[in-house]
Each structure stands twice: as C-alpha cells, then as structure tokens.
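Residue-level structure breakdown
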Amino acid sequence: MGKMLTCEFGYLKKIEPIADWQKPLLDEAGIIALYTDEEGRHFARFYTWEGWDGVKVETGCGEFTKKDGLLVFKSDDAVYTFELDINCLTIRQRNKMQYKLMDRFHSRS
C-alpha cells in the first residue's frame with residue numbers, strides 16, 4: 001500500500017469539479033489521510049465520522065500544500081480543499097478515528 005505521511009482533521013470545503021454525489025460531503029467533518037504509494041506518488045482519503053464504514057473521498061495521485069489553515073490536494077482530475085480544524089470532532093471521535101485508520105492501514109500493508 002505504501003506509506004502514510006500524515007493525518008489531519010477538518011472539513012471538506014470544496015471539490016472542483018464536483019460530482020452530484022459529492023455535494024452532500026461538503027462541510028462534513030472528518031479525518032484526511034495522506035499517503036504515498038510504492039512509486040512515491042501522493043494520494044488522499046477522507047473519512048467522515050458518520051460514514052466510517054468506507055472512504056468518502058479518495059483522490060487520484062497528485063500533490064498537496066498546507067497553508068493558512070487549508071490543505072489543498074491537486075490531482076489530475078480535481079482539486080480538493082480542506083479546512084483544517086482539530087476541534088471539528090470530539091477528542092473521543094478523533095481518537096477512535098485515528099485508531100481505526102491505523103488499524104486499516106497496518107492490516108493492508
């Protein structure tokens with residue numbers, strides 16, 4: 001699977017272009033996981049608290065930047081903008097999501 005670079009908490013603020021099925025995810029709070037694959041390419045996954053049963057958004061390969069409280073991920077197909085906010089979820093929710101994320105990542109690697 002590659003290597004997890006980092007995970008952040010925040011809100012999905014914008015996807016350009018956006019599909020109809022993605023619109024309800026805007027302004028949702030969740031965890032943003034940034035990975036690198038075996039070839040060193042970056043990709044991101046976004047999970048919401050309510051939808052922990054699966055990845056809500058998965059990007060293609062691209063690059064990310066963090067600046068002024070935003071994380072922007074640019075892939076060949078879209079640009080994803082997240083507003084970083086550690087307090088978007090309760091401490092209990094954050095801890096549980098991090099644990100589940102690490103368990104998923106390590107069970108696949």
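Coordinates for the structure precede this section.
Note that the structure is a prediction, hence the values are computed from the model and not measured. Residue indices begin from 1 for each chain and proceed along its sequence in written order. Note on the predicted model: pLDDT of at least 70 is required for a residue's local features to be given, and 80 or more for side-chain atom pairs to be given and counted; whole-chain, interface and lining totals, by contrast, use all residues. Derived side-chain values reflect all non-hydrogen atoms in the structure, with water molecules and hydrogen atoms excluded from consideration.

We now examine the overall build of the chain. Only DSSP runs of H or I covering at least 4 residues are called helices, and only runs of E covering at least 2 are called strands; the numbering of each starts at the N terminus. When helices and strands are counted, the chain shows one helix and seven strands. Order of helices (α) and strands (β) in the chain, N terminus to C terminus: β-β-β-β-β-β-β-α. Exposure classes here rest on a 1.4 Å probe applied to the protein chains alone. A residue is buried below 20% of its type maximum, exposed above 50%, and partly exposed in between. Here the chain, with 109 residues, has 40% of them falling under the buried criterion. In what follows, residue pairs with any heavy atoms lying within 4.5 Å of each other are defined as contacts. A sequence separation of at least 24 residues applies to 51% of the contacts in the chain between residues at least 6 apart. Each accessible area is a Shrake-Rupley result for a 1.4 Å probe, and residues are judged covered by the shown protein chains and nothing else. Here the chain has roughly 6300 Å² of accessible surface; of this, 48% comes from carbon and sulfur atoms.

As paired elements, strand S1 (residues 3-16) and strand S7 (residues 79-84) share six bridges and run antiparallel to each other. When the bridges of S7 are listed, Tyr11 appears paired with Glu83. Strand direction decides the pairing type here: strand S6 (residues 70-75) and S7, joined by five bridges, are antiparallel. Looking across to S7, one finds that Val72 is bridged to Thr81. Between S6 and S7, which follow one another and run antiparallel, lie three residues. Whether two strands pair comes down to DSSP finding at least two bridges between them.

Right, let's talk about the environment of Lys66 for a bit. With respect to the element layout, Lys66 can be found in strand S5 (residues 62-67). Residue Lys66 is classed as partly exposed on the basis of its relative accessible area, which comes to 47%. Through-space distance from the C-alpha of Lys66 to that of Leu84 is 9.1 Å; in sequence the pair is 18 residues apart. Nitrogen and oxygen atoms within 3.5 Å of one another constitute a polar contact, given that in protein one can donate a hydrogen and the other can accept it, and given that sequence-neighbouring residues count only through two side-chain atoms. Engagement of the side chain of Lys66 in a polar contact is seen with the side chain of Glu8, the distance being 2.5 Å.

The next thing to look at is the nonpolar core. For the purposes of this section, nonpolar cores are sets of buried Ala, Val, Leu, Ile, Met, Phe, Trp, Tyr and Cys residues that join through side-chain atoms within 4.5 Å. The biggest cluster of nonpolar side chains holds 13 residues, and the ones touching the most others in it are Leu12, Leu34, Phe46, Val57, Phe73, Tyr80 and Phe82. Every element with two or more residues in this core is listed here: S1, strand S2 (29-36), strand S3 (42-48), S6 and S7. When near neighbours in sequence (up to four residues on either side) are disregarded, Phe82 contacts Tyr11, Leu12, Lys13, Ile32, Phe46, Gly69, Leu70 and Leu71. If you look at the next biggest cluster of nonpolar residues, it comprises 12 residues, including Met4, Phe9, Ala29 and Tyr35.

Right, let's talk about the packing of aromatic side chains for a bit. Paired rings are identified among Phe, Tyr and Trp, the last through its six-membered ring, by centres lying within 6.5 Å, and are further divided according to the angle between planes into stacked (under 30 degrees), edge-to-face (over 60) and tilted (the rest). Counted according to the given criterion, the structure contains two aromatic pairs. Aromatic pair Tyr35 and Phe43: ring centres 5.2 Å apart, planes at 15°, arrangement stacked. Like Phe43, Tyr35 is buried. Against the face of Tyr35 rests Arg45, its NZ or CZ located 5.4 Å from the ring centre. Placement of a positive charge over a ring is assigned whenever Lys NZ or Arg CZ falls within 6 Å of the ring centre and within 35 degrees of the normal to the ring plane.

Among the secondary structure elements, Thr81 is positioned in strand S7. Overall, Thr81 belongs to the buried group, its relative accessible area being 12%.

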